[in-house]
Amino acid sequence: FRSQSGIHTLRSDLLILLLTNPRERVHLPNFGTGLKRLLFEQGDSVVEQQAREMIVSAISTWENRVAIKSLDVT
């Protein structure tokens, strides 16, 4: 197996964080975002704000290698 390093590891870790639902990980029940539950919701400003809050909260809690300067959710 080839290991990843640098930006590739960070990208992979962010994808795992964003696509994991809370309570999916046994020893880390709060890990993840819950974005999957918004998948089939109406694409309005309320859902966009919910997604933004989920992403910012998860990244600030679990990923100290990332500083969010701006975030566009569409």
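In this numbering scheme, every chain counts its residues from 1 along its sequence in written order. Where local features are concerned, this predicted model is filtered to residues with pLDDT of at least 70; where side-chain atom pairs are given and counted, the filter is 80 or more; whole-chain, interface and lining totals use all residues. No hydrogens and no water enter the side-chain calculation; it runs on all heavy atoms of the structure.

Caption draft 1: The overall build of the protein chain, seen in detail. We count a stretch as a helix when DSSP gives it H or I for four or more residues in a row; a strand needs E for two or more, and each element gets its number in order from the N terminus. Scanning the protein chain from terminus to terminus reveals two helices and zero strands. Reported as C-alpha extents along the three principal axes, the dimensions of the protein chain are approximately 40 × 30 × 20 Å. Looking at the protein chain as a whole, 23% of its 74 residues are labelled buried. Here the Shrake-Rupley method, with its probe set to 1.4 Å, supplies the accessible areas, and only the displayed protein chains count as covering residues. Of the roughly 6000 Å² that the protein chain leaves accessible, carbon and sulfur atoms contribute 53%. In the protein chain, the 9 positive side-chain charges and the 8 negative ones have mean positions that sit 9 Å from each other. Per-residue accessibility, obtained with a 1.4 Å probe over protein chains only, is compared with the maximum for each type, and a residue is labelled buried under 20%, exposed over 50%, and partly exposed between these values. Positive charge is attributed to Lys and Arg, negative charge to Asp and Glu, and no charge count is given to His or to the chain ends. A charge is said to be at NZ when it belongs to Lys, at CZ for Arg, at CG for Asp and at CD for Glu.

Caption draft 2: Local environment of the nonpolar core. Grouping buried Ala, Val, Leu, Ile, Met, Phe, Trp, Tyr and Cys residues that are joined through side-chain atoms within 4.5 Å yields what is termed a nonpolar core. Ranked by size, the top nonpolar core spans seven residues in total: Leu10, Leu14, Leu17, Phe31, Ile55, Ala58 and Ile59. Of all the secondary structure elements, the ones that give two or more residues to this core are helix H1 (7–19) and helix H2 (45–62). Core analysis: the next-biggest nonpolar cluster, separate from the first, contains five residues, Leu38, Val47, Ala51 and Val73 among them.

Caption draft 3: Here's a closer look at the environment of Ser57. For Ser57, the location among the structural elements is in helix H2. Between the alpha carbons of Ser57 and Gly32 there is a distance of 9.6 Å; along the sequence they are 25 residues apart.

Caption draft 4: The pattern of salt bridges, seen in detail. We define a salt bridge as a contact between a side-chain nitrogen of Lys or Arg and a carboxyl oxygen of Asp or Glu at a distance within 4 Å. The full count for this structure, using the stated rule, is three salt bridges. Ionic pairing is found between Asp13 and Arg65, a salt bridge with its closest N-O pair at 2.6 Å. Of this pair, Asp13 sits in helix H1 while Arg65 sits in the segment after H2; the two residues are 52 residues apart in sequence, bridging distant segments of the chain. Taking relative accessible area as the criterion, Arg65 reaches 45% and is therefore assigned partly exposed.

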